Amino acid sequence: MMKHYYNSMSRAITTDWMLKELDVQHEQININFSEDSPELLDLKTINPMGKLPTLVDGECVITEAAAICAYLGDKYLEKKLAPAVESSQRAEYYRYLFITGNTIEPALTLAASNIEHPNSATAGWGDKTRVLATIEAMTPKSDWTLGDEFTAADVVFGGFLDSAVTFGMLAPSPKVEAYISRIQQRPAYKQTHKSFGESIS
């Protein structure tokens, strides 16, 4: 059985949501970073970063929220949370999965800390102005990132936008706000984000 290392106030909330969308059996291992527990020591052994989320599937260790969601989407292709491997939608799907952590999050995190890169042209994430324009352009006007079908791209991209708004990193446009609202109506979102909402209220 897969092991999912988790804390409700970490990025593991994204992978928990993905697992609930898939409705697959797994063992949830709760990590309390304030305690030197066997679970935390185990986490640091398999993931030297000591960060969440971490997923263990047999001999496979997968870290990083987008990578875990991509892995799970492909492992359970029949659940249709990822486009078929031969689908032309794969290109757009990968873009949504990986622009979130590689570009959007670093730029918004620096901006929220009032830090400017000395030469944003050399930074992989560019600058906040371009990132905000990209978010607006990539946010779907209706339905989901790839059209009618909800996928892991929405879990990663939409889930981050939801968190960024919640923590004051992003002031949403009406289009972004409407997309987040659609995401928040998902039963699996409601199930996984209940404690998250309570912890920040």
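The text that follows walks through the structure, step by step, so that each part is easy to find. Going along each chain's sequence as written, the residues are numbered from 1 onward. Only residues with pLDDT of at least 70 get local features here, since the model is predicted, and only at 80 or more are side-chain atom pairs given and counted; chain-wide, interface and lining totals rely on the full set of residues. Side-chain descriptors were evaluated using all non-hydrogen atoms of the structure, hydrogens and water having been removed beforehand.

Right, let's get into the overall build of the protein. In terms of helices and strands, the protein carries eight helices and four strands. From first element to last, N terminus to C terminus, the protein shows the α and β order β-α-β-α-β-β-α-α-α-α-α-α. The quantity called the radius of gyration is restricted to C-alpha atoms. Its globule counterpart is 2.2 Å times the number of residues to the power 0.38. Whereas a compact globule of 201 residues would reach a radius of gyration of roughly 17 Å, the protein reaches 17 Å, a difference of no more than 12%. Once the C-alpha set of the protein is aligned to its principal axes, its extents read approximately 45 × 40 × 35 Å. Whether a residue is buried, partly exposed or exposed follows from its accessible area with a 1.4 Å probe, protein chains only, as a fraction of its type maximum: under 20%, in between, or over 50%, in that order. Split into buried and exposed, the 201 residues of the protein put 46% on the buried side. The long-range share in the protein, meaning contacts at least 24 apart out of those at least 6 apart in sequence, stands at 61%. If you sum the accessible surface of the protein, you get close to 10,500 Å²; carbon and sulfur atoms cover 51% of it. We count a stretch as a helix when DSSP gives it H or I for four or more residues in a row; a strand needs E for two or more, and each element gets its number in order from the N terminus. When checking whether two residues touch, look at their non-hydrogen atoms; a contact exists if any pair is within 4.5 Å. With residues, only the protein chains shown are counted as cover, and all accessible areas are computed by Shrake-Rupley using a 1.4 Å probe.

Right, let's get into unusual backbone geometry. Going from Leu52 to Pro53, the amide bond is cis rather than trans, its omega being 5 degrees. At Asp23, a position not held by glycine, the phi torsion is positive, near 55 degrees. Tracing the sequence through the fold places Asp23 in the loop between α1 (12-22) and β2 (26-30). Phi at Asn114 is positive, roughly 60 degrees, even though this residue is not glycine. Tracing the sequence through the fold places Asn114 in the loop between α4 (90-112) and α5 (128-138).

Taken as a whole, helix α3 (residues 65-75) has its buried residues at Ala65, Ala66, Ile68, Cys69, Ala70, Leu72 and Gly73. Taken together, the buried residues of α3 touch β1 (2-6), α1, β3 (54-57), β4 (60-63), α4 and α6 (152-166).

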